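These are the residues of each chain, in order.
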Amino acid sequence: MPNPDRRSFLAGSAAAAATALGVPLARAKTASTPACKQAGDRSGGARASNPIAVSTYSFWRFAEGTPPGMDFCIRQASEMGFDGVELLEVQMQRKDRQYLNVLKRQAMVAGLDLCGMSTHQGFVSPDRAYRRANIERTTASLELAYALGIPTIRVNTGRWGTSGSFDELMENKGIEPTLEGYTDDQGFAWVIDAYGELARVAEKLGIVMGLENHWGLGRTAEGVLRVIEAVDSPWLQATLDTGNFLEDQYAQYRRLAAAAVFVQAKTYFGGGVWYELDIDYARVVQTLREVDYRGYVSLEFEGQEDVRTAVPKSLALLREAFSA
């Protein structure tokens, strides 16, 4: 089972308690938004709410053409009132040390934590060279997080790639057949071997990897936990994404919550692009309170409303839901 000490690795990653914005809560079309009930005794100095961050992914549609740079996203996050920023690595236009130092200084002056980074990799392939290249890519991501002072990165299992396109994958609810001649058990073995090696790198750097429920073999809580439990390292835990369980979502939240070191919270103002879920964040909060999750909750906006209005509304929704 996941190491019960996993929360100790978040000690330096969360900001001071977030205060409510005082903005009337706007109801999302696809999210139920009543404030959460008092969840247990929060005495003894424990903060009453989780800090709320925003993924730079949420600003992807802020401008036409090239995705907005990290400096722009940090400025927007500060102006909108977030506590931290989660960087999407594929969105980074530069990775040289000078630029990374500028981003760290900018975030510090703005009063924001660089609290997480989302990365991309895949190990579900019989091609040994392909898997090795993805191990090296993830090692570079860990080193990038270390240079930025980021305590956790989102990682993936990868998928078979037998869908014709991502649109087709979404039409099939993230389910795709294995490669001919291979089995899911073989795929899991490749993923487990890769993360067994990467966990040793993560330990040396002090970066916790959070395996996300993100399609492929990690599509379900069962698949994510199968990898985490086999690797059996406190440096590989879970990133819980509220928008990626397409069946039995609340039961799957409960299964994954105890292993979570980071939470990504989806909203869909204006309607979803591929799909939209009705997420009752009061229930999500209750599930996280039951396992005493105190870490960051990072907004991933996936709706079609203008980012300038939808992201602040999403923040207000999450502030109210996660305030005791």
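Residues numbered from 1 in each chain as written. Predicted model: local features only at pLDDT ≥ 70, side-chain atom pairs only at ≥ 80, totals over all residues. Heavy atoms only, no water.

Let's talk about helix 7 (residues 249-257)
As a reminder, the rule being used: Residue burial is assigned from relative accessible area. The probe radius is 1.4 Å, only protein chains are included, and a residue is buried under 20% of its type maximum, exposed over 50%, and partly exposed in between. Helix numbering and strand numbering both begin at the N terminus, where a helix is a DSSP run of H or I of at least 4 residues and a strand a DSSP run of E of at least 2. The directions from the helix axis to the C-beta atoms are what the arc is built from. We call two residues in contact whenever any of their non-hydrogen atoms come within 4.5 Å of each other.
Within the span of helix 7, buried status applies to Gln249, Tyr250, Gln252, Tyr253, Leu256 and Ala257. For helix 7, the angular spread of the buried residues around the axis is 160°, confining them to a single face. Those residues of helix 7 that are buried lie in contact with helix 6 (221-231), strand 7 (236-241), strand 8 (260-267), strand 9 (279-280) and helix 8 (281-290).

A look at the packing of aromatic side chains
To be explicit about the condition: Ring pairs shown here join Phe, Tyr and Trp side chains whose ring centres sit within 6.5 Å, with only the six-membered ring taken for Trp; geometry is labelled stacked below 30 degrees between planes, edge-to-face above 60, and tilted in between. Our definition puts a charge over a ring when NZ of Lys or CZ of Arg is within 6 Å of the ring centre and also within 35 degrees of the ring normal.
Here the structure, examined in full by the defined rule, presents eight aromatic pairs. Their ring planes at 70° and their centres at 6.0 Å tell us that Trp160 and Trp190 sit as a pair that is edge-to-face. One end of the pair, Trp160, is in the loop between strand 5 (152-155) and helix 4 (166-171); the other, Trp190, is in helix 5 (residues 184-205), and 30 residues separate them in sequence. Judged by its relative accessible area of 8%, Trp160 falls in the buried class. For the pair Tyr268 and Tyr275, a centre-to-centre distance of 6.5 Å together with 50° between the ring planes defines the contact as tilted. Its relative accessible area of 1% is what places Tyr268 among the buried residues. A connected cluster of aromatic rings, assembled from ring pairs, spans Trp160, Tyr182 and Trp190. The side chain of Arg283 reaches across the aromatic face of Tyr250, ending 3.8 Å from its centre.

Focus: the nonpolar core
Soluble globular proteins tend to pack their nonpolar side chains together in the buried interior. What counts is decided by this rule: By nonpolar core we mean a set of buried residues, namely Ala, Val, Leu, Ile, Met, Phe, Trp, Tyr and Cys, connected to one another through side-chain atoms within 4.5 Å.
Ranked by size, the top nonpolar core spans 92 residues in total, and within it Tyr195 and Met209 carry the most contacts. Sort the elements by how many residues they give to this core and helix 5 lands first, with nine residues. Leave out the neighbours within four places in its chain, and Met209 touches Leu142, Ile153, Val155, Tyr195, Leu198, Ala199, Ala202, Trp235, Leu236 and Gln237.

What about the confidence of the model for the chain?
Regions with low pLDDT should not have their predicted coordinates read in detail. Just so we agree on the cut-off: Per-residue confidence from the predictor is given as pLDDT, running between 0 and 100.
Across the chain, the average pLDDT comes to 87, with 85% of residues at 70 or higher. In the model, residues 1-43 has pLDDT below 50 throughout and makes 94 contacts with residues more than four positions away in sequence or in other chains.

Looking at the environment of Ser163
This is how it is decided: Between N or O atoms, a polar contact is any pair within 3.5 Å; within protein, one atom must be a potential hydrogen donor and the other a potential acceptor, and residues adjacent in sequence are included only when both atoms are from side chains.
You can see Ser163 is positioned in the loop between strand 5 and helix 4. Each C-alpha atom of the pair Ser163 and Thr178 lies 9.9 Å from the other, and the pair is 15 residues apart in sequence. Contacts of Ser163, omitting those with residues within four sequence positions, involve Glu168, Leu169 and Glu176. Looking at Ser163, its side chain comes within polar contact range of the side chain of Glu176, at 2.8 Å.

Observations regarding the side chain of Thr267
Structurally, Thr267 can be placed in strand 8. Here Ser314 takes part through its side chain, which lies 2.8 Å from a polar atom of the side chain of Thr267.

What to know about the sheet that holds strand 2 (residues 52-55)
To keep it simple, the criterion reads: A pair of strands is labelled paired if DSSP reports no fewer than 2 bridges between them. Helix axes use the C-alpha atoms of the stretch in contact, all axes being lines fitted to C-alpha atoms, and the angles between their N-to-C directions lie in the range 0 to 180 degrees.
Around the barrel, which closes on itself, the eight strands sit in the order 2-3-4-5-6-7-8-10 with parallel pairing between neighbours. Between one strand and the next, the sheet's axes are offset by a mean angle of 30°, whatever the strand orientation. Across the sheet, helix 7 touches strand 7 and strand 8, and the angle it forms with strand 7 is around 155°.

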